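Commentary on secondary and tertiary structure
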Amino acid sequence: MPILEGKELRIVGFLCNWCSYGGADTAGVGRFKQPTDLRVIKVPCSGRIDPLFIVKTLLAGADGVLVSGCHPRDCHYTEGNFYARRRLEMLKRFLPIMGIDAKRFEYTWVSASEGQRWQEVVTKFTEQIHELGAAPKIVGAEAEETLKLMEAAL
Amino acid sequence: MKIGVFVCHCGTNIEGTVDTAAVAAASREFPGVVFATDTMYACSEPGQDGIIEAIKEHKLDGVVVASCTPRMHEPTFRRTLERAGLNRYLFEMANIREHVSWIGKDREANTNKSADLVRMAAAKLLKNRPLFSKQFPVNKSVMVVGGGVAGIQAALDCANGGLKVVLVEKDTTIGGKMAKLDKTFPTVDCSSCVLGPLMVDVAQHPNINLHAYSEIEEVNGYVGNFEIKVKKKASYVDWDACTGCGLCVEKCPSRKATDFFNEKLATTKAINIPFPQAIPKKAKIDPDFCMKIQKDKCGVCAKVCPSEAIDFTQKDEFITENVGAVVAATGFDLFDWTVYGQYGGGKYPDVITSLQYERMLSASGPSEGHIKRPSDGKEPKNVVFIQCVGSRDKSVGRPYCSGFCCMYTAKQTILTKDHIPDSQSHVFYMDIRSPGKLYDEFTRRAMEEYGANYIRGRVSMIYPKGDNLVVRGADTLMGAQVEIDADLVVLAVGAEASVGATDLAKKLRISYDAYGFFMEGHPKLKPVETNTAGVYLAGACQGPKDIPASVAQGSAAASKVLGLFSQDMLASDPQVSVVDIKRCIGCGKCIQTCPFGAIKEIDFRGMKKADVIETICQGCGICTSTCPQGAVQLQHFTDNQILAEVNAICRF
Amino acid sequence: MQNLEDLKEQVRKALPELDVVIGWTGGYDPLHATPHFIRRDEDIDKLQVNALCVHNLATYLPSMRGKKVGIIVKGCDSRSVVELLQEKLIDREDVTIFGFGCTGVVDQTKIRRIVGDVGNIDSCEVSGSEVKVSASGTEHKLAMSDVLSEKCATCRYPNAVLSDHFAGAEITSTATFEDGYKDVVEFEEKPEEEKFGFWLKEMDRCIRCYACRNACPMCVCRDHCVAQSRDPHWLSQEAHVRDKWMFQVIHAYHLAGRCTECGECQRACPVDIPILLFKKKMNKEIKEVFDYEAGINPDATPPLMTFKAEEDKITERKW
């Protein structure tokens, strides 16, 4: 089920609780229409986002990953997005050596009041991923099997 | 874990574009889910009762509610779980309203996405653990930073409410900008007559401890228990001994010291007391101008001081204050208008700021209330006021309106007429902004009764002609260029965040906007709170404000502090980082990156380890993403919880 | 090596004050050197310093914390020592650094590729320009330029960047930063699918032995590596290329701004996966964005452990 075949691509968003998640809510309250591909994972702060989560997500088959935090200087925790900016910038520059198009990953800043901006970011990023198409998948015969085992173990 | 899923219709808000029954049906297939249903209004009383019944009937030990944003009803449903006897953190929300049903009408895609979000929530929930708050005691005292009218009001309200108050002021006297004003709008009553009694109250209040000529050096701790290091700057006068008699000021031979209180309109003595009503009324030496400190000559002040208070060797002193809350009331400063070349960029002495004009108008000012232009001391007849200098001007990076300039300019035209009956005021303005009780009537009076000549348009240049200045500008209503001979030009300089405001914001861990004004918690619902618990805002530090608004906010901040302190114990948020001592190798990277100093190094059986101070940790998780071996994990947002969400949606 | 006698003398003088001095000596055959722990005077005579001394001995330092340790370092090794000092994983007062000017070390993989499976090595002579190997009666003369390790060909730090004792004369290097990253640039220019496919194939060979990690002087987590943990559970225990690849990215990321490019990870890899490329790529970007190189200044802060409110070279993308 996860995505609608032929219609959607797998796009994952990591959003900070204080600004961007609120911005996405504001967009909802404003009924700002957006593509349906994005699935949001809420984290307290963009500083919580280990770039390796994004690598993990991309290697696990996501077609795009979007990260959004508070604008620089607006971080609820004062410094989280400053650390995030450095770490995520490095990731963006690193992806090409893995053979992953850097355009599959973007990071940006959206405040809790910027519903309109959130709509623009989501729309533009989704379009960008659709232009790139589905990412190459690492398939293995055992993949689905393992997944079942993992789920059974829970 | 046995998970129950409740998919909310939210009336038609969700059901209109999401097939909630289908989402519930799909949810039953997700790992851990033993019960799923759709429900009309999950947050309503019958909705919550339904959740409680299901928990009991199906022996659920975890709940997912798919409804609105967790920012709305997460606290509601957590309480529901607690009523059913479950820990409040064995709960997850899938936001299928703001993030799904409200942003698109494709029912198939919405239903599918909703199911996906439930799958993620359930996957994370499987990794959730019960978390428990700790109670900690509150230090029921408050620090107010800034002794302007907002800070004074906040301090007095708190002190009258029975709290111990520490008031910190960076200048040698409290009073702030208001103390410099001659009269106030729209009543044209004397500023110091209004403010003076409040300042005296501060000085005499048994609950207020005033540190003047002091600044915040360092802030540690958290709501309920802040530990704040205050720097008491060297005044070279022992204030415990100084009686404020002023003999030293009288006898001091060094007359060239910069007079900041009088906005540099005049000079003052190297040792001085800024104004007669100063609180505290204590002398301070300006070391740059003191001959004893500079050249080891003179020392007259020490000889004449009857209480032997002069101490030329005094050093900055640091003291620590423990308080439970902080009110920031650091006010504003004036924009540096000299960037405007068209106004002379500071090279014409007879172009002055509105605050300088206030000092000129004030009976206790350097000219004792006589309007004298700086160049030759003559009384001006034609006075031109220019508004929006450093306000509403993108070209100088100040696009916002300073709010009060229209009103004080109107006031100054009235006072000009009062002081010099045969004078004429001309005001160049963009728009007149006068919302507020009796405000618009007041500007009308300036024009109609006092004959101020209002010209709608900007000034393009000021140039000298003989002893006078010519102000050239546009009159956009007439569609003509105008030139006015001016004896004196007064600039309505806009407000900006006070010098050092951003440094203080960083120390207090509060946000500030692009202009250095502090950010409130919510623009409408939390106007005096910040996003840092226990830190409140009062006055123009949050944005330009006039006196009534500043006073109102001072009182509002005080009421928030009193409300906070109405409890003896506060509950800590258990969503904090925890170190797995087995995995920690003591490399200290988390200590290095923690913005709050919440992680300390401890010695564990001879090994270095990190340890989180639970009450200081704010739960940002920077440490967790810094630690290479994953030894420090932010509770409720652990690596495994986030990875579970990733794995739930990225299924190879 | 003409410096060897000087070095031995320096070690001899310092040894009484130290618990151990780490150097190299002959290994299991004449073609290989092996780490050598000098505790007594007679151990000093076995000290070997030449192009076969490939090991980065700094790897041992964190585990010897608390002891007085002397360490003999090549230029690249010294950077690891500096980095460990910078991260306060070792104490300056406990470490005595013996430096010398290094002319480069061999790449055993290259030798193996040229001479094939040579069987028993009878002898090996190393000079500045040549490696003479005689194995099972046959003599192979290898030009040093053909068997020199890649990192040495473009080495910019042939001398210890920090040392208490220095044997012999310093070596001058003319290599530029760009010289060292030509391979990265070249690889990056390939189409994305080709690179992705390349790594899938390469990573598939990984046997998850973690030799790369164990050889890495900066992998100080060791027993607590996330690769072998279930809390946090970053990698499954299955032999899937996705997890193998993920581990290499984890390694590169945990080394971001810390890696001194000693190349031990790649040297230790039994199946020759070119994993150093990931670390070099990261270093190249770190240098470009933060103008920073790890292991040069013991007082610096790695760029990902700090920030600037206004970054010099990170510009907002239009969104």
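Predicted model, so just to flag it, every value in this text is computed and none were measured. (Residues numbered from 1 in each chain as written. Chains lettered and ligands numbered in written order. Predicted model: local features only at pLDDT ≥ 70, side-chain atom pairs only at ≥ 80, totals over all residues. Heavy atoms only, no water.)

For the rest of this paragraph, the subject is the domain arrangement of chain C. Interfaces are often sized by the amount of accessible area the parts lose when they come together. Partitioning chain C into domains gives domain 1 (1–105 + 154–173), domain 2 (110–148) and domain 3 (176–319). Here the C-alpha centre of domain 3 of chain C lies 32 Å away from the C-alpha centre of domain 2 of chain C. (Domains from an automatic or database assignment.)

All names here are of chain B. Within the open sheet, the 3 strands sit side by side as β11-β12-β17. Their pairing is antiparallel. Every interior strand has two partners, whereas the edge strands, β11 (214–222) and β17 (317–323), have only one. Between one strand axis and the next, the sheet turns by 20 degrees as a mean value, whatever way the strands run. Here β11 runs beside strand β12 (residues 225–232); their pairing, made up of 8 bridges, is antiparallel. In the sheet register, S214 faces β12, and the bridge partner there is K232. (Pairing = 2+ DSSP bridges. Helix = DSSP H or I, 4+ residues; strand = E, 2+ residues; numbered from the N terminus. Axes fitted to C-alpha atoms, helices over the stretch in contact; angles between N-to-C directions.)

A few words now on the interface of chain B and chain A. At the junction of the two partners, chain B supplies 59 residues and chain A supplies 57 residues. For the pair chain B and chain A, the two sides together bury roughly 5100 Å², of which 59% comes from carbon and sulfur. At the boundary of chain B with chain A, the tally comes to 6 salt bridges. A salt bridge links R10(A) to D116(B); the shortest N-O distance between them is 3.1 Å. Here chain B and chain A share 17 residue pairs in polar contact (both at pLDDT 80 or more) between them. Among the elements of the structure, α3 (70–83), α4 (97–101), α5 (107–125), α16 (589–593), α17 (622–626), β34 (632–634) and α18 (639–649) of chain B are those that each provide at least two residues to the side of chain B that touches chain A. Looking at the side of chain B that touches chain A, the element that brings in the most residues is α5(B), giving 10 residues. Looking at the side of chain B that touches chain A, its residues break down into 24 nonpolar, 21 polar and 14 charged. (Contact = heavy atoms within 4.5 Å. Buried area = accessible area lost by both parts, 1.4 Å probe. Salt bridge = Lys/Arg side-chain N within 4 Å of Asp/Glu carboxyl O. Polar contact = N/O pair within 3.5 Å; in protein donor to acceptor, adjacent residues only side chain to side chain. Nonpolar A, V, L, I, M, F, W, Y, C, P; charged D, E, K, R; others polar.)

Here we take up the interface of chain A and chain C. Listed per partner, the contact involves 43 residues of chain A and 46 residues of chain C. Here chain A and chain C share an interface that buries about 4300 Å² over both sides, 65% of which is from carbon and sulfur atoms. Among the residues chain A hides against chain C, the three largest losses belong to R86(A), M90(A) and I97(A). Together they make up 20% of the total. Taken together, the connections running from chain A to chain C amount to 5 salt bridges. At the surface where chain A touches chain C, the tally comes to 14 residue pairs in polar contact (both at pLDDT 80 or more). When contributions to the side of chain A that touches chain C are tallied by element, the ones reaching two or more residues are α2 (51–59), α3 (80–98), β4 (105–109), α4 (115–132) and α5 (141–153) of chain A. Broken down by element, the side of chain A that touches chain C gets its largest block of residues, 14 residues, from α3(A). Residues that form the side of chain A that touches chain C fall into these classes: 23 nonpolar, 5 polar and 15 charged.

Under the defined criterion, the tally for this structure stands at 32 aromatic pairs over all chains. Between F37(C) and Y60(C), the ring centres sit 5.0 Å apart and the planes meet at 85 degrees, which makes this aromatic pair edge-to-face. Highlighted residues: F37(C) in strand β2 (residues 33–38) and Y60(C) in the loop between α2 (41–44) and β3 (69–73), separated in sequence by 23 residues. Residue class for Y60(C) comes out partly exposed when judged on its relative accessible area of 30%. By the ring-pair criterion, three or more aromatic residues cluster together here, those being F94(A), F187(C), F198(C), W199(C), Y253(C) and F278(C). The ring of F637(B) is capped by K124(B), whose NZ or CZ atom sits 5.1 Å from the centre of that ring. (Phe/Tyr/Trp six-rings, centres within 6.5 Å; stacked < 30°, edge-to-face > 60°. Buried < 20%, exposed > 50% of the residue type's maximum accessible area, 1.4 Å probe, protein only. Lys NZ or Arg CZ within 6 Å of the ring centre and 35° of its normal.)

So, on to the domain arrangement of chain B. Annotation of chain B at the domain level lists domain 1 (3–127), domain 2 (141–233 + 316–331 + 509–564), domain 3 (247–304), domain 4 (333–496) and domain 5 (577–635). Using only C-alpha atoms to locate each centre, domain 2 of chain B and domain 5 of chain B end up separated by 35 Å.

Time to look at the state of the cysteines. With the rule as written, the count across this model stands at 2 disulfides over all chains. Two residues, C19(A) and C70(A), share a disulfide whose sulfurs are 2.3 Å apart. Across the S-S bond of C19(A) and C70(A) the torsion is about 100 degrees, and the bridge reads as right-handed. Of this pair, C19(A) sits in the loop between β1 (11–16) and α1 (20–29) while C70(A) sits in the loop between β3 (64–69) and α3, and the two are 51 residues apart along the sequence. Judged by its relative accessible area of 8%, C19(A) is buried. Paired by a disulfide, C190(B) and C193(B) hold their sulfur atoms 2.5 Å apart. As the torsion about the S-S bond is roughly 85 degrees, the C190(B)-C193(B) disulfide counts as right-handed. (Disulfide = S-S within 2.5 Å.)

Let's shift gears to the environment of C252(B). Residue and element names in this part refer to chain B. Of note, C252 is situated in the loop between α8 (247–251) and β13 (257–258). C-alpha separation for the pair C252 and V300, spaced 48 residues apart in sequence, amounts to 6.5 Å. Sequence-distant contacts of C252, defined by excluding residues within four places in its chain, comprise K269, A270 and I271.

Before going further, it helps to examine the packing of α3(A) against helix α13 (residues 276–290) of chain C. Any two packed helices are characterised by the angle at which their axes cross and by the distance between the axes. Remark: α3(A) packs on α13(C), axes separated minimally by 10 Å, with the N-to-C direction vectors making an angle of 135 degrees. With respect to each other, α3(A) and α13(C) are oriented oblique. Between α3(A) and α13(C) lies a crossing whose hand is right-handed. Residues R86(A), M90(A), R93(A), F94(A), I97(A) and M98(A) of α3(A) touch α13(C), and the partners they reach there are L277(C), F278(C), K281(C), M282(C), E285(C), I286(C), E288(C), V289(C) and F290(C). Class assignment of the residues belonging to the contact of α3(A) with α13(C) gives a composition of 10 nonpolar, no polar and 5 charged. (Parallel < 35°, antiparallel > 145°, perpendicular 65-115°, else oblique. Left-handed = near helix turned anticlockwise from the far one by under 90°.)

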